[in-house]
Amino acid sequence: MKQTGYNMYRELPGVGYEEAVERVTEALKDEGFGILTTIDVRDTLRQKLDVGFRPYVILGACNPSLAHRALTTEDSIGLVLPCNVVVAETDGGSEVAIARPRSMMDVAESDSIRPVADGAEEGLQRAIASL
């Protein structure tokens, strides 16, 4: 797994796109995250702009317990919820990127939200590592 200031990233060589989406969904579920939203970027770009794009989905993942803690700590934190997860097809398989909750919640500039962000990030790190 690679990590930048705002995401965790992992390549899945030899794993097809559909299988990668299934694996990611299951890994997130194992860590208490469900999928609230699914944005099929390829389909959206085709419909709205009539352009082609590789298979690419944005999953809005949510751990209800952590979301509740975050929202009761900082009401406006809903602006950076849920956790976004990208699964995309590559030439050699698939790739997965997950937005880092610590980075996303830094915008709150609130020390009280830090433990919630830490919990979310730890669960997401375990999920992406398990792929």
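Procedures and definitions
Residues numbered from 1 in each chain as written. Predicted model: local features only at pLDDT ≥ 70, side-chain atom pairs only at ≥ 80, totals over all residues. Heavy atoms only, no water. Pairing = 2+ DSSP bridges. Helix = DSSP H or I, 4+ residues; strand = E, 2+ residues; numbered from the N terminus. Contact = heavy atoms within 4.5 Å. Axes fitted to C-alpha atoms, helices over the stretch in contact; angles between N-to-C directions. Salt bridge = Lys/Arg side-chain N within 4 Å of Asp/Glu carboxyl O. Buried < 20%, exposed > 50% of the residue type's maximum accessible area, 1.4 Å probe, protein only. Polar contact = N/O pair within 3.5 Å; in protein donor to acceptor, adjacent residues only side chain to side chain. Core = buried A, V, L, I, M, F, W, Y, C linked by side-chain atoms within 4.5 Å.

Participant: For this particular structure, what's the right way to read the sheet that holds strand S4 (residues 56–62)?
Facilitator: Strand order in the open sheet made by the 6 strands is S1-S2-S6-S5-S4-S3, with antiparallel pairing throughout. Only two strands of the sheet have a single partner each, and these edge strands are strand S1 (2–3) and strand S3 (34–40). As paired elements, S1 and strand S2 (residues 7–13) share 2 bridges and run antiparallel to each other. Bridging from a neighbouring strand, Gln3 pairs with Met8 of S2. Its contacts with the sheet place helix H1 (residues 17–30) against S2, S3, S4, strand S5 (83–90) and strand S6 (93–99), and it is angled at close to 155° to S5.

Participant: I tried to follow the pattern of salt bridges on my own but got confused; where do I start?
Facilitator: Oppositely charged side chains may form a pair once their charged atoms are brought near each other. Counted according to the given criterion, the structure contains 10 salt bridges. Here Arg100 makes a salt bridge to Glu121, at a shortest N to O gap of 2.7 Å. With Arg100 in the loop between S6 and helix H4 (101–105) and Glu121 in helix H5 (residues 114–129), this residue pair connects regions lying 21 residues apart in the sequence. Accessibility assignment for this pair places Arg100 and Glu121 in one class, buried.

Participant: So what exactly am I meant to see when it comes to unusual backbone geometry here?
Facilitator: Backbone phi values are negative for most residues with the exception of glycine, while trans is the configuration of most peptide bonds. A cis amide bond links Leu81 to the next residue, Pro82, at an omega of -5°. Along the chain, Pro82 falls in the loop between helix H3 (64–73) and S5. Phi is positive for Asp50, which is not a glycine, with a value near 55°. Relative to the helices and strands, Asp50 is located in the loop between helix H2 (41–49) and S4.

Participant: Explain the side chain of Asn63 here, please?
Facilitator: Tracing the chain through its elements places Asn63 in the loop between S4 and H3. Overall, the relative accessible area of 12% leaves Asn63 in the buried class. Only 3.4 Å separates the side chain of Asn63 from the backbone oxygen of Gly32, close enough to count as a polar contact.

Participant: So what exactly am I meant to see when it comes to the nonpolar core here?
Facilitator: A general tendency of soluble globular proteins is for nonpolar side chains to be buried together. Core analysis: the largest hydrophobic core is formed by 31 residues, its most contacted members being Val24, Leu28, Val85, Val87 and Val96. Among all residues touching Val87, those that are not within four sequence positions of it are Tyr17, Ala20, Val21, Val24, Pro55, Tyr56, Val57, Leu59, Glu95 and Val96. Within the second largest apolar cluster, 5 residues are counted, among which are Tyr56, Val86, Ala88 and Ala97.

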